[in-house]
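# Structural overview for review
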Protein chains: 2
Amino acid sequence: MDRKHLQRLINVSRGRARADLRITNCHIVDVFNKEVFDSDLYVVDGLIAGFGEEWFPEALEVVDAKGAYIVPGFIDSHLHIESSHVSPAEYSRLVVPCGTTTVIADPHEIVNVCGLDGFDYMLEATENLPLSVFLQVPSCVPCTPYENSGAYLDAHEISKRIDHPRVLGLGEMMDFVGVCAAKDDVMDKILVAKKAGKVIDGHYLGFGPRLDAYSAAGILTDHECATVQDLRDRIRRGMYVLLRQGTACHDLLNLLPGMDDKNTSRCLMCTDDCAAKTMVEIGHIDNNVRMAIGAGVDPLTAICMATINAATCYNLSDRGAIAPGRRADLLFLTSLDKDFRVQEVYTAGKHVASDRQYLVKPVHTSIEKVSGKMNIRDLSPERFDLKLSSKHVKVIELLPGSVVTKSGEAYVDLDENGCWKRNDEDIVKVAVVERHKGTGNIGLALIKGLNLRGGAIATSIAHDSHNVIVAGDNNQDMELAVRELIRLGGGMTVVKNGMVLQSVQHEIAGLMTDLPGEVVAGRLAAIIRTAQVELGIRGAVDPFMTLCFMSLVVIPEIKVTDLGLFDLKKYDFVPLEIED
Amino acid sequence: MDRKHLQRLINVSRGRARADLRITNCHIVDVFNKEVFDSDLYVVDGLIAGFGEEWFPEALEVVDAKGAYIVPGFIDSHLHIESSHVSPAEYSRLVVPCGTTTVIADPHEIVNVCGLDGFDYMLEATENLPLSVFLQVPSCVPCTPYENSGAYLDAHEISKRIDHPRVLGLGEMMDFVGVCAAKDDVMDKILVAKKAGKVIDGHYLGFGPRLDAYSAAGILTDHECATVQDLRDRIRRGMYVLLRQGTACHDLLNLLPGMDDKNTSRCLMCTDDCAAKTMVEIGHIDNNVRMAIGAGVDPLTAICMATINAATCYNLSDRGAIAPGRRADLLFLTSLDKDFRVQEVYTAGKHVASDRQYLVKPVHTSIEKVSGKMNIRDLSPERFDLKLSSKHVKVIELLPGSVVTKSGEAYVDLDENGCWKRNDEDIVKVAVVERHKGTGNIGLALIKGLNLRGGAIATSIAHDSHNVIVAGDNNQDMELAVRELIRLGGGMTVVKNGMVLQSVQHEIAGLMTDLPGEVVAGRLAAIIRTAQVELGIRGAVDPFMTLCFMSLVVIPEIKVTDLGLFDLKKYDFVPLEIED
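Residues numbered from 1 in each chain as written. Chains lettered and ligands numbered in written order. Predicted model: local features only at pLDDT ≥ 70, side-chain atom pairs only at ≥ 80, totals over all residues. Heavy atoms only, no water.

## Observations regarding the sheet that holds strand S24 (residues 455-459) of chain B
Residues and elements named next belong to chain B. The eight strands lie next to each other as S19-S18-S23-S22-S25-S24-S26-S27, forming an open sheet whose pairing is mixed. Each edge of the open sheet is held by one strand with a lone partner, namely strand S19 (405-411) and strand S27 (499-505). Recorded for the sheet is a direction-independent mean angle of 25° between the axes of neighbouring strands. As judged from the two bridges shared by strand S18 (residues 392-398) and strand S23 (residues 442-448), these two strands associate in the parallel manner. Within the sheet, the bridge partner assigned to Glu 397 lies in S23 and is Lys 448. Against the sheet, helix H15 (residues 475-488) contacts strand S22 (427-433), S24, strand S25 (468-472), strand S26 (491-496) and S27, and its axis sits at roughly 150° relative to S26. (Pairing = 2+ DSSP bridges. Helix = DSSP H or I, 4+ residues; strand = E, 2+ residues; numbered from the N terminus. Axes fitted to C-alpha atoms, helices over the stretch in contact; angles between N-to-C directions. Contact = heavy atoms within 4.5 Å.)

Listed below in structure tokens is the structure:
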């Protein structure tokens, strides 16, 4: 802000100059006293000037709010845009009409694939959106050393982006083992953020002295609380707790009983991972707020969790409230009841959504640096041969509706070459094909519970390193599925009897697409349906969602990466064969 | 913090290394959940490591708290050390045993006298104290253009100190007229603080659009609230309200009814101006907390106002709570009742006070740059002649127990030269003698209500420019009083019949002394008594406190500076004589 702008703001506040906008006939939500009052609201240069007086000169534009409640734009305190499978511009189109005007995004999916090029793409693609996008520099790329990823971010790399004005800090510190063990490289990452005076986000499941150590390290937030005790333990240690309600993770209602009038200011809202379908059909942070109100939380408290509490936690002193000098990120709500709707949305004083319709023309950002990320070598059907020295093997057992797997056992059939051969059992091959460095690595394992028959499915979204993951019962279809993803530059595909039945393209780093969210949601539903109908996959299972967690070795109990089968109990790679 | 320190902290948290200190047998106050819990507390390198487990290695030192409540050290959010008349080191000795471990001080008194030399002295003198002293760069030096002060701080001068790590922002913006008028020079000062990302403190009595303008400018705090409405109006606009309880100003109890469970996090504690006597006899922020509890505020809420709320407002994320990673600024309270006592005080893990006794050896800071500040020229008894062209004159009328004056009228006697001559009326001369630039300026006026007879009193403390102010009924004693202050390098004095009866030396900028607070309080009491007994000043009036506000032209209704008599209604200088 320069002197001229500050003077205009003050002059409008004092009634000496015309405002750009006057909103009238509204109830204003005061998040500081937590009360509602009736007043006009004056806006100039995208900022709130004040509440005015009758004698003020008329504004350039007057909007009749028709009795709406004016609340600050909602802030999502933690999320990954990549989880929506849509581009940042499209993400803005989906969430802004829901009332989300600021997000704090950790782009660790794309950074795992593209490194700082991915980070810079996200910066560039979020530069001029109606949605304010702040980025955290990912702390854990790669997530573990047990797989090949597309990038390696150490403290030095992190320091290259930490001072960017739209970077609020270090992304979720998933390496809690490293923090609690005080490992040198983890300490150095933390110290980069501390030195920059920025926030360090958490991701933690521990308690007791380990939680002391984790919070002593300076980690300020956690979105992984599952219980009331988790919430209170973290708040006690000065952490902020993010009440998560996304597509897959539903923690909000479990945590609310731990919140009371005394600790509410330490509670924020987040979605973490939200699919396009969820945003289109259910909403975004507005859904968190509605759910909280529905669960009996005072509406003003629920609104504070989605606004001023987040602004306070992340030092965003320019927003989060309807107060003079703050950004005019404003929502018109139809009521403060549990079924309120977001009627109008203003960001920085501009009208950007009305009745769930986005009023801004999306812009396209070049994806050159983050496309075609399929560096796969030595691909042939034979590479999917799973040669076994024993018929008694370990299998990855799926648990319905969960991303946790069970380490199971089975007796399988082998062909004349000693390779796994399909039988009547519900067991198929799963392979992780390294796609970043051209190592030619393929990690092979067996998976039980997918109920796939006569084909293959594949995806380039495979947390957190996002190699290609393919499941199938024959080498030809598995190889074709991977080839199809190479052709698309990433995505999802269903292959049967040597034919590609259906594909979804994720041309941005193999993770996202520039298509509209409604199309993405429709195509995702369609391809799941195709996989179910054509390959016999059970109706309750989203096979792509299932696959994309099969290589995430921080979630129990047994997973597979491009380096082989990984047992979390032993915290090491293990052979498939069981010695009898 | 370097890697080694962070690792040691984490290792102690995890029970892998010995702590410096374990506190046991205590109730710990959790300011985040606002609850009390029982646990040991581990400290290393001056930081809180955590709450430990029974199996932890024993600490180097174990302290039995004997059932005390452990609370974070208190934070005084706004004060002027100079008002205590003691040096910063002595201030620390007085307030730390009261439990104040952090203060946010605006050194605008000494900066008015010595400019940035005064600021640097305050920085140096607070460098290694057990008390954490943060300084605000004064925003209003001089306070007004209607007097000569020792310094002029514009935006450029302010920018020279704003980035100091112990500077939290810009001191109280008393020029609210300039803010609301959007004056260039005031805007520039505000923008210096904004650009540095620092807090701007307020000092304001307005409401309505003027308050909108003031808060829109980015001013974050106010300690001048007098009513519940003032408090709620400011909180609504995103400001923090400081509940003041000092020696002269007692706002706390008036404001508490405006605070409720919903807005309490926006309320802080401050003393503003606190005399040594008050600190010795009554206490400091502990007194604010006791008073709030006594008035029915939940003890944990009262403690939060003096701890975490202030830390949040001023971005002091390293303190304000008993939580891992924060500074071990700890108080042992005997109870959480309205009569609690501060039993033990630790700052940065060191035991610094016990049972109201300071355990630290005071250090002396060189006062070379801030002493001998009495640059007075052309002094002679005749300079105090008050020549009048009319017997009908304006007088400054004192109002008992107030710093506000009334613009009165009187008919006075004149001698053969047309100069004012004492008669039976309770009217004497008051003179402001410029002491910074050697201008030789003496501003003369008449004051009613002091009941002074047969002598003179003088002080070098005269808000905000701190010229010498002297009141008396004869030129000789008035001149001698000023000469005595020149000899002392500043202070207070009582003169009668050509003799100095008693003096107090303020060798630091004419505002403070290095003597112990108890001595200062005793000498102040004695010199007031002398003035009362020997010069007949009324028992209810503290003549020095009265005098020191006589040149502060921002307080109604009529004042005198080295440039003459100033009428606040006309906002200009006026002649003494009234044209009949």
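Don't stop here, the text continues.
## Thoughts on the pairing of strand S12 (residues 240-244) of chain A
On any regular strand, side chains alternate: one points to one face of the sheet, the next to the other face. Residues and elements named next belong to chain A. Here S12 lies mainly inside the structure; five of its five residues are buried. Covered by surrounding structure in S12 are Tyr 240, Leu 242 and Arg 244 together with Val 241 and Leu 243, the residues of both alternating faces. As for the winding sense of the linkage, the β-α-β connection from strand S11 (residues 221-222) through helix H9 (residues 228-236) to S12 is right-handed. Across four bridges, S12 lies against strand S13 (residues 267-270) in parallel orientation. Each residue of the ladder has a partner; that of Val 241, found in S13, is Cys 267. (Buried < 20%, exposed > 50% of the residue type's maximum accessible area, 1.4 Å probe, protein only. Right-handed = clockwise from strand over helix to strand, strands pointing away.)

## Description of the relation of the copies chain A and chain B
When chain A is fitted onto chain B, the two copies agree to an RMSD of 0.0 Å after a turn of 180° and an axial shift of 0.0 Å. The superposition of one copy onto the other is thereby described by a two-fold rotation axis. Of the C-alpha atoms belonging to chain A, the one lying closest to the rotation axis is found on A:Asp261, 3.5 Å away. (Least-squares fit on C-alpha atoms with pLDDT ≥ 70 in both.)

## Looking at the nonpolar core
In this structure, A:Ile110 and B:Ile110 are the most contacted members of the largest nonpolar core, which totals 386 residues. Among residues more than four places away in sequence, those in contact with A:Ile110 are A:Glu82, A:Gly115, A:Gly118, A:Tyr121, A:Met122, A:Val370, A:Ile508, A:Ala509, A:Leu511 and A:Met512. (Core = buried A, V, L, I, M, F, W, Y, C linked by side-chain atoms within 4.5 Å.)

## Digging into helix H4 (residues 116-125) of chain B
Each full turn of the α-helix corresponds to 3.6 residues, which orients residues three or four apart in the same direction. Residues and elements named next belong to chain B. Of all ten residues making up H4, seven are buried, and the element is well covered by its neighbours. Listed in full, the buried residues belonging to H4 are Leu 116, Gly 118, Phe 119, Tyr 121, Met 122, Leu 123 and Ala 125. Its buried side turned inward, H4 meets helix H2 (88-95), helix H3 (108-114), strand S8 (132-137), helix H5 (155-159) and strand S9 (167-173).

## Some details on a negative patch on the surface
On the surface, a cluster of negative charge is contributed by A:Asp261, A:Asp298, B:Asp261 and B:Asp298. Take A:Asp298: it is sitting in the loop between helix H12 (285-294) and helix H13 (299-305). (Patch = residues over 30% accessible without salt bridge, like charges linked within 9 Å, V, L, I, M, F, W, Y side chains within 5 Å. Areas by Shrake-Rupley, 256 points an atom, 1.4 Å probe, with all protein chains shown as cover. Salt bridge = Lys/Arg side-chain N within 4 Å of Asp/Glu carboxyl O. Lys, Arg positive; Asp, Glu negative; His and termini not counted. Charge placed at Lys NZ, Arg CZ, Asp CG, Glu CD.)

## Quick look at the interface of chain A and chain B
Often the size quoted for an interface is simply the accessible area lost on bringing the parts together. In this assembly, 58 residues from chain A lie in contact with 58 residues from chain B. Taken over both partners, the interface formed by chain A and chain B buries close to 4,800 Å², and the fraction arising from carbon and sulfur atoms is 55%. Per-residue buried area on chain A facing chain B is highest for A:Phe32, A:Asn33 and A:Arg236; these three make up 15% of the total on that side. Taken together, chain A and chain B are joined by ten salt bridges. In this structure, the salt-bridge partner of A:Glu35 is B:Arg232, at a minimum N-O distance of 3.0 Å. (Buried area = accessible area lost by both parts, 1.4 Å probe.)

## Considerations on the sheet that holds strand S28 (residues 558-561) of chain A
Ordered in space as S28-S29-S30 (chain A), the three strands form an open sheet in which the pairing is antiparallel. Pairing within the sheet leaves two strands with one partner each, and these edge strands are S28 and strand S30 (572-573) of chain A.

## Things to note about the packing of aromatic side chains
What the rule picks out here adds up to 24 aromatic pairs over all chains. When the centroid spacing of 4.8 Å and the interplanar angle of 65° are considered together, the rings of B:Trp55 and B:Phe56 count as edge-to-face. Consider the rings of B:Tyr204 and B:Tyr214, whose centres lie 4.2 Å apart with planes at 25°: the pair is stacked. Here B:Tyr214 lies in helix H8 (residues 208-216) and B:Tyr204 lies in the loop between strand S10 (199-202) and H8, a separation of ten residues in the sequence. The same class applies to B:Tyr204 as to B:Tyr214, namely buried. The ring centre of A:Phe340 lies 5.3 Å from the NZ or CZ of A:Arg290, which sits over that ring. (Phe/Tyr/Trp six-rings, centres within 6.5 Å; stacked < 30°, edge-to-face > 60°. Lys NZ or Arg CZ within 6 Å of the ring centre and 35° of its normal.)

## Thoughts on the environment of B:Asp542
All names here are of chain B. With respect to the element layout, Asp 542 can be found in the loop between helix H16 (517-535) and helix H17 (543-548). Since its relative accessible area comes to 23%, Asp 542 is described here as partly exposed. Considering only alpha carbons, one finds Asp 542 and Ala 531, eleven residues apart in sequence, at a separation of 9.1 Å. For Asp 542, the side chain forms a polar contact with the main-chain nitrogen of Phe 544, separated by 3.0 Å. At 3.1 Å, the side chain of Asp 542 forms a polar contact with the backbone nitrogen of Met 545. (Polar contact = N/O pair within 3.5 Å; in protein donor to acceptor, adjacent residues only side chain to side chain.)

## Notes on unusual backbone geometry
A cis geometry characterises the amide bond from A:Val141 onward to A:Pro142, with omega recorded as 0°. By the element assignment, A:Pro142 lies in the loop between strand S8 (132-137) and helix H5 (155-159). Located in the positive-phi region is B:Lys34, a residue other than glycine, with phi close to 50°. With respect to the helices, strands and loops of the structure, B:Lys34 is situated in the loop between strand S1 (21-30) and strand S2 (35-38).

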